[in-house]
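Residues per chain, in single letters:
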Amino acid sequence: MFSGFCSQYHSIGISVRVRATISRPRSIRELGGPDGVIRMNEAEEISSKQKQISVSEFFEKNKHFLGFDTLPRAVITAVKESVDNSLDACEEARILPDIRVEIRRTKGDELELITQDNGPGIPRDAIENVFGKFLLGSRFHAIRQTRGQQGIGITGVVMYSQLTTGSKTHVVSKIKSDSSAVYVDLGVDTKKNKAIKSGERRDIWIDDKTGNEISHGLRIRTQMKAKYQRGRKSVYQYLRMTSIVNPHASISLVVYDKEGSVVEEGSWIRTSNKLPRVVEEIKPHPHGIQLGTLQRMLREANDRRMTSFLKHNFSGVSPRAAKEILAIAEVEEGRTPKRIKADEAKMIIAAFQTVKLLKPPMDCLSPIEDLLIKKGLSKAIDSRFASTVTRNPSVSQGNPFQIEVGLVFGGDLTSDGPIEILRFANRVPLMYQQGGCLLTKALEAVNWKSYGLEQPGGSGIPKGPAAVLIHLASTNVQFTSEAKEAVSYNEEVFDEIRKAMLEVGRGLKNHLKKSSQRKKAKEKFELVNIILPEISKKSSELLGREEPDLAPVITQIMNAVFLEEVLSWDKERRLSMCSITIHNYTARARAYTILAKWPESSGTSMEFNPRGGRKEARGLWAWRLDTLDPGTSTVLEFGISGLTKGDWNEADIFFRGNGEIIGATKMDEALLDEQRKAEALEAAVEEVRSKDVSSHTNEMKAEQSVSDLSTESSVSSDVTEFVPSADTDWFGMEGDDQ
């Protein structure tokens, strides 16, 4: 009976399956309602239409993401991508850049763009990948300051040219080791995301301008639909701004109309032969790691222990910190990274935010530096005063960044409108979306009226004959869009920019105050020295007496202490000289400490300083004047080596003591103390880092000498480690706690 039941059940099951197969539409109607079949067919049809698109096809239909949304912006974007690549290539090859840009109007809204540089060139086998493949680059995974990262830019130019005019981009590349240059025409196969190459040949490359053979470099010629316009949002302005933050580069521009006549040109010759310092790639910092990234790193790790994984794959993690992180996350030190579960990875992420860590190394950044900012500004703007500041590097969410600000005042700058704002991210000009950019908002947050500029309403962009440069250098600049036109909000970056603004604002305020004091004092001094001698002469003639000594009388009338500084260049000794003269036009003796700011760096030193003195802080030297008698003067003189003529054009002089000194600024002791603390903290962190590197080296040597985990563990426990005492300033001052 049981077997019969089973047999019957089996036969029923088979018949059901058969009927369902044969009359599937009917079954679906019964199960899904009257229109069940229609719904299933629609779903299958929709599903069948789904196709994978290549990244090239995506950008082809969304070219506005790349900055090609309007005709005027199209040519600016194309120039930007080409010039940025030229600067990057020259700097990596340690070549002083010479960049030429030519624009010719051909027909209608079409332009021919030609750019040429003296960089290292591109090897033949790499040309088609560089110009014809999206998302191919050498910098995307590198954590260091770079102009571009995604590997999109120049390929976007080739694609836009092909899309709007149907023409290919002509490339000439010459590397030093080859005897001839490569000539090739390139397009983009958007479906396959690869270059379409044609017309390749080799030949000697002769420069059109000089007639000389070119030994290395790159030339790009492309035809595109675009519109050249003048003004603040133009190719001219972009190259002008680029020259300011790249004083080591020579850049030229020539624009021709249809008839071949020049309609606009510009030339910005390099003002410095000093290339930006080489940036080093660093490891990711735990404060900037997301859970998914950590899980990927754990899967790909070759380390056998979690302590080794944390120390070898992250910056800022000392042996002590690695053990503390694992203890808080309740993960054993000897666990294999590949076997860490998702919940344990979450605990490690949480521990990252709890443990005090060293900041990441800052050699991944390449700031412009104060002197070169001044030289760059003088290259493009005629002004009478410049105040610059390069803030100490800082960290936001594990990403190192550094803020630089320069302010110029007077000269040929107009005074009847808003000041000019020059925004830069990693030495690249930001020309659009000024109002929505973090750099602008930080400037607007300062009360500029208290520093000598007009600011209706007490907020917003100030008015006056001034220009402000703001440069953000970072390993990870967060933009508001893919076009990279404005920086998104970040509290740490905002605060750093605002502090830098306050610093250059104080410099402007002191300059205006000093200029006003000197002008009034000069008028008074000249008046006294002209009128008094005449009165004395006439009175002596009438009375028949000798002319009296007027010095005490002049001193009593003036009743002030004057300071004058003169900067000069000693050609024989190749020193930048600074001479400071202090006049005591008062009735009593005076005692002061005079402080002078000087451009201290790794390449400069104070070679000549007969009056001695002492170092107060980085770039600040002090001399003590115990007695300056009435009616007398004294001179302080010092010379700086490591600079070239014209590098140092203005000195800031401060003083300590009772009474004012016309021509100098009272020292702000609170600011000086803040600077000293920052320098002490920096030195302490560097000491910890150097000892950690030594410990890390010893541990790696030890790990290489063992063959199993137990021996490795015992050796690791013997590694010496530097741990600061709990009361040192180093603790609690790291990473996001800043």
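Residues numbered from 1 in each chain as written. Predicted model: local features only at pLDDT ≥ 70, side-chain atom pairs only at ≥ 80, totals over all residues. Heavy atoms only, no water.

Chemist: Is there a simple way to think about the pairing of strand β3 (residues 169–174) in this case?
Modeler: Each regular strand shows side chains that alternate between the opposite faces of the sheet. The buried count for β3 comes to six of six residues, which makes it a mostly enclosed element. Side chains Thr169, Val171 and Ser173 project from β3 onto one buried face, and the interleaved His170, Val172 and Lys174 project onto a second face that is buried too. In this sheet, strand β4 (residues 181–189) lies alongside β3 in antiparallel orientation, the contact comprising five bridges. Its bridge partner being in β4, Thr169 is matched across the sheet by Leu186. Counting the residues between successive antiparallel strands, the hairpin from β3 to β4 contains six residues. Across five bridges, the pairing between β3 and strand β6 (residues 217–225) is antiparallel. The partner of Lys174 across the bridge, within β6, is Gly217. (Buried < 20%, exposed > 50% of the residue type's maximum accessible area, 1.4 Å probe, protein only. Helix = DSSP H or I, 4+ residues; strand = E, 2+ residues; numbered from the N terminus. Pairing = 2+ DSSP bridges.)

Chemist: I tried to follow helix α15 (residues 491–543) on my own but got confused; where do I start?
Modeler: Note that an α-helix has 3.6 residues per turn; residues three or four places apart therefore point the same way. Along its 53 residues, α15 runs 76 Å from first to last C-alpha, staying within 8% of the 78 Å computed at 1.5 Å per residue. Measuring from the backbone nitrogen of Glu492 back to the side-chain oxygen at the start of α15 gives 3.0 Å, which picks out Asn490 as the cap. Directly after α15, the chain includes Gly544, whose backbone phi takes a positive value near 70°. (Expected span 1.5 Å × (residues − 1). Polar contact = N/O pair within 3.5 Å; in protein donor to acceptor, adjacent residues only side chain to side chain.)

Chemist: Is there a simple way to explain the sheet that holds strand β15 (residues 560–570) in this structure?
Modeler: Pairing between the strands of a sheet is mediated by backbone hydrogen bonds and can be parallel or antiparallel. Reading across the sheet, the five strands line up as β18-β21-β16-β15-β23 and stay open at both edges, with mixed pairing between neighbours. At either end of the open sheet lies a strand with only one pairing partner, and these are β18 (605–608) and β23 (661–662). In this sheet, strand β16 (residues 575–585) lies alongside β15 in antiparallel orientation, the contact comprising 11 bridges. Looking at β16, one finds that Glu564 is bridged to Thr581. Packing against the sheet, α15 makes contact with β15, β16 and β23, and its axis sits at approximately 110° to β15. (Contact = heavy atoms within 4.5 Å. Axes fitted to C-alpha atoms, helices over the stretch in contact; angles between N-to-C directions.)

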